[in-house]
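# A closer look at the structure
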Amino acid sequence: MRPSGRVTAWMGRAGTAEGYDAVRIAAHGLGHSLGLPDAKPGPCSSLMSGSAGGVNCTDPYPDASERSRVEADYGAGPTGGRPSDGQLLVDRA
Ligand SMILES: [Zn+2]
């Protein structure tokens, strides 16, 4: 579900101090801002499994299910168009 209103993400250092990957943490936070919930416990291949993937998990990409959820919420874009290059179009009115 698309979140309504403004989304604020605070990037602390606790996760990286514990050894978690900064890019994965940022991508996970972006996933939340796009309306994806946590998926814990979950495998490293799931971006929204977050810390459940362990400190050795550095995969910053959403899995197919996560991509589908975001595309269902945002993929039509503000004009109903879709990018032809296969990239995800994200709009925010
Ligand atoms: Zn989370």
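Residues numbered from 1 in each chain as written. Predicted model: local features only at pLDDT ≥ 70, side-chain atom pairs only at ≥ 80, totals over all residues. Heavy atoms only, no water.

In the annotation of an unreviewed UniProt entry, the entry for the protein chain reads Extracellular small neutral protease, and the organism field reads Streptomonospora salina. The UniProt entry for the protein chain carries the following text under Catalytic activity (unreviewed entry): "Hydrolyzes proteins with a preference for Tyr or Phe in the P1' position. Has no action on amino-acid p-nitroanilides." (UniProt positions renumbered as here; feature names shortened; annotations may be inferred.)

## Remarks on the overall build of the protein chain
A tally of helices and strands in the protein chain yields three helices and zero strands. Reading the protein chain from its N end, one meets helices and strands in the order α-α-α. Each of the 93 residues in the protein chain was classed as buried or not, and the buried ones make up 20%. Within the protein chain, residue pairs in contact and separated by at least 24 positions form 39% of the contacts whose partners lie at least 6 positions apart. Accessible surface for the protein chain amounts to roughly 6200 Å². Of this, 56% is attributable to carbon and sulfur atoms. (Helix = DSSP H or I, 4+ residues; strand = E, 2+ residues; numbered from the N terminus. Buried < 20%, exposed > 50% of the residue type's maximum accessible area, 1.4 Å probe, protein only. Contact = heavy atoms within 4.5 Å. Areas by Shrake-Rupley, 256 points an atom, 1.4 Å probe, with all protein chains shown as cover.)

## Quick word on the coordination of the zinc ion
Within the protein, the atoms that donate to the zinc ion are His28 (NE2), His32 (NE2) and Asp38 (OD), at distances of 2.1 Å. Taken in sequence order, the residues that donate to the zinc ion follow the motif H-x3-H-x5-D. Here Asp38 lies in the loop between α2 (22-33) and α3 (64-74) and His28 lies in helix α2, a separation of 10 residues in the sequence. Given a relative accessible area of 41%, Asp38 falls into the partly exposed group. (Donors = N, O, S within 2.8 Å, 3.2 Å for Na, K, Ca; no water.)

## Points about the side chain of Glu66
By secondary structure assignment, the location of Glu66 is in helix α3. No salt bridge forms around the buried Glu66; measuring N to O, its nearest opposite-charge neighbour Arg67 is 7.0 Å away. Among the polar contacts listed, one links the side chain of Glu66 to the backbone nitrogen of Asp63, at a separation of 2.7 Å. Apart from residues lying up to four places away in sequence, Glu66 is in contact with Leu36, Ser46, Leu47 and Met48. (Lys, Arg positive; Asp, Glu negative; His and termini not counted. Salt bridge = Lys/Arg side-chain N within 4 Å of Asp/Glu carboxyl O. Polar contact = N/O pair within 3.5 Å; in protein donor to acceptor, adjacent residues only side chain to side chain.)

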